[in-house]
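# Per-entry structural report
Listed here are the chains, written in short residue letters.
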Amino acid sequence: MTSRETFDRLAEKFPSFELAYVEGKDPAILVKADNLVELAQHLRDEEGYDYCSSITGVDYPDRFEVVYHLYSMKKEGGPVILKVHASREEPEVPSVVSLWPGADWQEREVWDLMGIRFSDHPNLKRVLMWEGFQGHPLRKDFPGTQDEYTFS
Amino acid sequence: MATTLKTENVTINMGPHHPSTHGVFRMILTLDGETIVDLEPIVGYLHRNHEKIGEQNNWIQNTPFTDRLDYISPMSNEFAYVLAVEKLAEIEPPERAKYIRIIMVELNRVINHMVAVGFLLNELGCFFTPMFYALRWRETLMDLYEMVAGSRMMPNYFWIGGVAGDLPEEFLPMCNEFVAALPGFIDELERLLTENEIVQMRCRDVGILPPDVATAYGCTGPLLRASGVPYDVRKAEPYSIYDRFDFDIVMGTVGDVYDRYLVRIAEMRQSVRIVEQALRDLPEGETATPRKKGKFRPPEGDVYHRIEAPKGELGFYLVSDGSENPYRYKIRSPSFVNLQAMSYMCKGRKVADVVIILGSVDITLGEVDR
Amino acid sequence: MTEQDMVPPELRRNVLIAPIDYVYNLGRAASVWPLMFGLACCAFEMIVSVTSRYDLARFGMEFLRASPRQAELMFVAGTVTKKMAPQVVRLYDQMPEPKYVLAMGACAISGGPFKDGYNVVPGADKLLPVDVYVPGCPPRPETLIDGIIKLHKQIRGEHIRTSPWYRKGVEREIPVPEYGPWGLVLPKEEKSE
């Protein structure tokens, strides 16, 4: 669980990361993009969070946000949730594919639909739309499509 | 004197339209003779924009759309969405509604596994016969759905705060009869298939997925449990009233196609156990919490809720900004994540094994592409 | 000359004279072979209608063919997405004449519940000429059988003199759309000088 104890333990171990605690029904840990991979590696190796369940991109008016839900196969209970902010102009977040290969397609989907780039991803192509499609459809400012049909 | 031929790898396309009944799914295979060197799945041919449409609908209008995700087990998808919204808005459904939901979802799991086994055998070459048996038993469940919700395949029965209506009088006798006959049906299927020589020869040691690889790829559901990892969301993070029922987690040992088939058969029996207990303990009472007047506006915040759907872990990540429409509506579908293990499982096998391995992963394209 | 004059009396029990349209259409309507083109949820109701409870085989559709070269009727069952649209048209072009299209379900008729999607073609009739529309989401197997019976009625009412596939100079092939940067585009025709 992303309880206060987990947060305090991590903040003590990595004081330079400047982690923040986000309150809510599902409390989360806010981490900077540069420190994400190291924190995730610590969580996977030392604390046993070996199952990355879901990676989501959210489009807020002032920023992009990527949310990671991490679970442990052995421990029971809720997830550790990490949140990373990215800028609106050039959103870029490091990839965690080297730690959890199951994050591969989920990150490709976030790139395809939201436009958040993942550096060091081995194969960052579109997965749901076709190659050559411009635009990122799930953004709030997506202009729509233009099509030509044989029978209109 | 042995001479070796100089050969090249061939790239073939198993196109979006093919006789295997899984739907519009494309694979690009690189072959050396008939052995697979590389496999690249391409999805997106059924991308129907659930997430964007979900942001334009309001919270209550989204429930019928969740039926269309995994259309073989529609009640499970509704269950996951409704539980996520109830967690966000802090609504507690009445006890009778909780038991009815569990009965519907577990019956759904039995039928989903039966159809999955039927389709797997269809791909083995047994053609339509096991599928016809599985679909015949599915018809009884469709009759139960129609009795309760009015529609055969897309029931739209779960409300935020309960279920849409009470069970009619004819439901309980028919359901009891169905549940009493189910172990006999499962035995019939097992008698035909488990010791069958062809099933053993084609399914043993095919598509092996070791447990650490399965965990790293994020696989869940029968795919993970057949590899020997005892992880079931109903036991790891119990939701609704699953902690009141007595059932076991079924596991395999090797992680091949045959183990996944056995895990599905055994899970059917466990689900029948749960349904029998739920039918025995079904309390009287209301079936839905009354809703406050006015538009439904849950408080601000974000929430992630997951359930053990028949295919794996199905989760909904919902972000609310206090208005009537969701701000972000994300579906974590099990088939999309499980499909990443395909290229690992198929390397070094023959082309005919690809179809069987795909059948054992048990995907539904509506869920993969959303 | 009537039938009495044309056929000698000893053969009158063995010889039947009928208009050519009637015989030709009866042969075609009684054994229409469908192409199993199930895209989404409606595909499941299509498969269920072949099983023993609803039994499509008694209408001559014994077996859903997977290859378009052996099929006459295309069931467009499910949502047609823009990514799948070139494949749909290509399969239609590969079917031999005479061919029919049955649009099954709300998504194939007009886009259905997903009409506002950025990847959804609002109706199969934007890409192909559709003969029968079967509404429902998904339509019950009985509704599908009703649609097939209407198709049989249409086939029996056709005339061999006015059929489009025997006429010269009629272009029946449909251009295959391509993936463009903001949606589907039709291929530009190359004019040869």
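Check the entry above for the structure.
Residues numbered from 1 in each chain as written. Chains lettered and ligands numbered in written order. Predicted model: local features only at pLDDT ≥ 70, side-chain atom pairs only at ≥ 80, totals over all residues. Heavy atoms only, no water.

## Section: the overall build of chain C
Worth spelling out the cut-off: A helix here means a DSSP run of H or I that spans at least four residues, while a strand means a run of E at least two residues long, and both kinds are numbered starting from the N terminus. The cut-offs for exposure are 20% and 50% of the maximum accessible area for each residue type, with area from a 1.4 Å probe on protein chains only; residues under the lower value are buried, those over the upper are exposed, and the others partly exposed. Whether two residues touch is decided by their heavy atoms; if any such pair falls within 4.5 Å, the residues are in contact. Using a 1.4 Å probe, the Shrake-Rupley method yields the accessible areas, and only the shown protein chains count as cover for residues. In this count, Lys and Arg are taken as positive residues and Asp and Glu as negative ones, while His and the chain termini are left out. Charge positions are represented by NZ for Lys, CZ for Arg, CG for Asp and CD for Glu.
Check the secondary structure of chain C and you find six helices and six strands. Its helices and strands in sequence order give chain C the pattern α-α-β-α-β-α-β-α-β-α-β-β, from N to C terminus. Overall, the C-alpha framework of chain C stretches about 75 × 60 × 25 Å when taken along its three principal axes. Residue burial in chain C is summarised as follows: out of 193 residues, 49% are buried. Long-range pairs, those at least 24 residues apart, make up 74% of the contacts in chain C with a sequence separation of at least 6. Total accessible area computed for chain C in this model is approximately 9,600 Å², and 55% of it derives from carbon and sulfur atoms. Computed over 23 positive and 22 negative side-chain charges, the inter-centroid distance for chain C is 3 Å.

## Notes on the interface of chain A and chain B
As a reminder of what qualifies: Once two parts are put together, the accessible area they lose, assessed with a 1.4 Å probe and summed over both, is termed the buried area. N or O atoms closer than or at 3.5 Å make up a polar contact, with two conditions inside protein: a donor-capable atom paired with an acceptor-capable one, and, for residues adjacent in sequence, both atoms drawn from side chains.
The interface is formed by 41 residues belonging to chain A together with 41 residues belonging to chain B. Of the roughly 3,500 Å² buried at the junction of chain A and chain B (both faces included), carbon and sulfur atoms supply 55%. At the surface where chain A touches chain B, the tally comes to 22 residue pairs in polar contact (both at pLDDT 80 or more). Every element with two or more residues in the side of chain A that touches chain B is listed here: strand 3 (51–59), strand 4 (64–71) and helix 3 (104–114) of chain A. When residues in the side of chain A that touches chain B are grouped by element, the largest group, eight residues, is from strand 3 of chain A.

## Observations regarding the interface of chain B and chain C
Heads up, the condition is: Any carboxyl oxygen of Asp or Glu that lies within 4 Å of a side-chain nitrogen of Lys or Arg is treated as forming a salt bridge with it.
Across the boundary between the two partners, chain B contributes 34 residues, which contact 34 residues of chain C. Seen at the junction of chain B and chain C, the total is four salt bridges. A salt bridge links Glu139(B) to Arg53(C), with the nearest nitrogen and oxygen atoms 2.8 Å apart. The tally of links from chain B across to chain C stands at 14 residue pairs in polar contact (both at pLDDT 80 or more).

## A few points about the packing of aromatic side chains
As a reminder, the rule being used: Classification of ring pairs rests on two measures: the distance between centres of Phe, Tyr or Trp rings, Trp counted by its six-membered ring, which must be within 6.5 Å, and the angle between planes, read as stacked under 30 degrees, edge-to-face over 60 and tilted in between. Look at NZ for Lys and CZ for Arg. If either is within 6 Å of the ring centre and within 35 degrees of the ring normal, a charge sits over the ring.
Evaluation of the coordinates by the stated rule reveals 27 aromatic pairs over all chains. Ring plane angle 55° and centroid distance 5.4 Å describe the contact between Trp105(A) and Phe336(B), whose orientation is recorded as tilted. With Trp105(A) in helix 3 and Phe336(B) in helix 12 (residues 334–338), the pair connects residues from two separate chains. Looking at Trp105(A), the relative accessible area reads 6%, which means it is buried. The interplanar angle of 65° and the centroid separation of 6.2 Å between the aromatic rings of Tyr133(B) and Trp137(B) together place this pair among those described as edge-to-face. Remark: Trp137(B) and Tyr133(B) occur in helix 5 (residues 129–149); sequence separation between them is four residues, near one turn of the helix. Residue classification places Tyr133(B) among the partly exposed positions, given a relative accessible area of 33%. Clustering of aromatic rings is evident, with ring pairs tying together Trp130(A), Phe133(A), Phe142(A), Tyr118(C), Tyr179(C) and Trp182(C). Here the guanidinium or amino end of Lys99(C) rests over the ring plane of Tyr92(C), the centre of that ring lying 4.3 Å away.

## Remarks on the packing of helix 6 (residues 171–193) of chain B against helix 11 (residues 257–280) of chain B
Each pair of packed helices can be summarised by the angle the axes make with each other and by the distance between the axes. Residue and element names in this part refer to chain B. To keep it simple, the criterion reads: For helices, the axis comes from a line fit to the C-alpha atoms of the stretch in contact; other axes are also lines fit to C-alpha atoms, and the angle between any two N-to-C directions lies between 0 and 180 degrees. In this scheme, roughly parallel covers angles under 35 degrees and roughly antiparallel covers those over 145, while 65 to 115 is roughly perpendicular and the rest are oblique. Each crossing gets its hand from how the near helix is turned against the far one by less than a right angle, where anticlockwise is left-handed and clockwise is right-handed. Just so you know the grouping, Ala, Val, Leu, Ile, Met, Phe, Trp, Tyr, Cys and Pro go in nonpolar, Asp, Glu, Lys and Arg go in charged, and all remaining residues, Gly too, go in polar.
For the pair helix 6 and helix 11, interaxial distance at closest approach is 11 Å and the crossing angle is 160°. Considering the angle they form, helix 6 stands roughly antiparallel to helix 11. For the pair helix 6 and helix 11, the crossing hand works out as left-handed. Facing helix 6, whose interface residues are Leu172, Cys175, Asn176, Val179, Leu182, Pro183, Ile186, Asp187, Leu189, Glu190 and Leu193, helix 11 presents Tyr261, Ile265, Met268, Arg269, Val272, Val275, Glu276 and Leu279. Across the contact of helix 6 with helix 11, the residue classes break down as 14 nonpolar, one polar and four charged.

## Describing the sheet that holds strand 4 (residues 132–134) of chain C
Counted only if it meets this: Strands are treated as partners if at least two bridges between them are detected by DSSP.
Here we have four strands laid out as an open sheet, ordered 1-2-3-4 (chain C), and parallel in their pairing. Two strands lie at the open edges of the sheet, namely strand 1 (34–35) and strand 4 of chain C, each paired on one side alone.

## Things to note about the sheet that holds strand 1 (residues 10–14) of chain B
Residue and element names in this part refer to chain B. If you walk across this open sheet you meet the three strands as 1-2-3, and the pairing is antiparallel. The sheet is open, and its two edges are formed by strand 1 and strand 3 (35–42), each paired on a single side. Mean inter-strand twist for the sheet, computed between neighbouring axes without regard to direction, equals 20°. Relative to strand 2 (residues 26–32), strand 1 runs antiparallel, the two sharing five bridges. Paired with methionine 14 across the two strands is methionine 27, which belongs to strand 2. Against the sheet, helix 14 (residues 351–361) engages strand 1, strand 2 and strand 3, with an angle of about 145° to strand 2.

## Details of a nonpolar patch on the surface
Short version of the rule: Only residues whose relative accessible area exceeds 30% and that take part in no salt bridge are eligible for patches, with like-charged residues grouped when within 9 Å of each other and nonpolar side chains (Val, Leu, Ile, Met, Phe, Trp, Tyr) grouped when within 5 Å.
A cluster of nonpolar side chains, Met6(C), Leu11(C), Val15(C) and Ile17(C), forms an exposed patch at the surface whose accessible area comes to about 310 Å². In this structure, Ile17(C) sits in the loop between helix 1 (3–6) and helix 2 (20–29).

## Considerations on the pattern of salt bridges
Residues and elements named next belong to chain B. Inspection of the entire model under this criterion finds 47 salt bridges over all chains. Put simply, aspartate 166 and arginine 96 hold a salt bridge, and the shortest N to O gap is 3.1 Å. Taken together, the residues span a long stretch of sequence, with aspartate 166 in the loop between strand 5 (162–163) and helix 6 and arginine 96 in helix 4 (residues 95–126) at a distance of 70 residues. With a relative accessible area of 43%, aspartate 166 lands in the partly exposed category. Overlapping salt bridges, with partners in common, bring together Glu106, Arg109, Arg225, Asp232, Arg234, Glu267 and Glu308 in one network.

## Here we look at a negative patch on the surface
Residues and elements named next belong to chain A. Together, Glu89, Glu90, Glu92 and Asp120 make up a region of like negative charge exposed at the surface. Within the secondary structure, glutamate 92 sits in strand 6 (residues 92–94). By relative accessible area, which is 42% here, glutamate 92 ends up partly exposed.

## Description of the packing of helix 2 of chain C against helix 6 (residues 141–156) of chain C
Residue and element names in this part refer to chain C. Direction vectors running N to C along helix 2 and helix 6 enclose 155°, while the axes themselves pass 8 Å from each other. Between helix 2 and helix 6, the interaxial angle falls into the category roughly antiparallel. For the pair helix 2 and helix 6, the sense of crossing is right-handed. Contacts between helix 2 and helix 6 pair Asn25, Leu26, Arg28 and Ala29 from the former with His152, Ile155 and Arg156 from the latter.

## With respect to unusual backbone geometry
The residue after Glu97(C), namely Pro98(C), is reached through a cis peptide bond having omega -10°. For Pro98(C), the location among the structural elements is in the loop between helix 4 (85–94) and strand 3 (100–104). A cis amide bond links Cys137(C) with the next residue in sequence, Pro138(C), at an omega value of -10°. Topologically, Pro138(C) is positioned in the loop between strand 4 and helix 6. At Glu90(B), a residue that is not glycine, the phi angle is positive and equals roughly 55°. Relative to the assigned elements, Glu90(B) resides in the loop between helix 3 (74–89) and helix 4. Residues other than glycine seldom take positive phi values, yet Asn156(B) does so here, at roughly 55°. With respect to the helices and strands, the residue Asn156(B) is situated in the loop between helix 5 and strand 4 (158–159).

## Details of helix 14 of chain B
A large share of helix 14 of chain B lies buried, amounting to nine of its 11 residues. Where helix 14 of chain B terminates, the next one or two residues include Asp362(B), which has phi positive at roughly 60°.

## Considerations on the side chain of His47(B)
Along the polypeptide, His47(B) turns up in the loop between strand 3 and helix 1 (50–56). The exposure class of His47(B) is buried, given its relative accessible area of 3%. In terms of polar contacts, His47(B) uses its side chain to reach the backbone carbonyl oxygen of Asp369(B), at 2.9 Å. Beyond its immediate sequence surroundings of up to four residues, His47(B) is in contact with Leu113(A), Leu128(A), Met129(A), Asp369(B), Arg370(B), Thr81(C), Tyr118(C) and Asn119(C).

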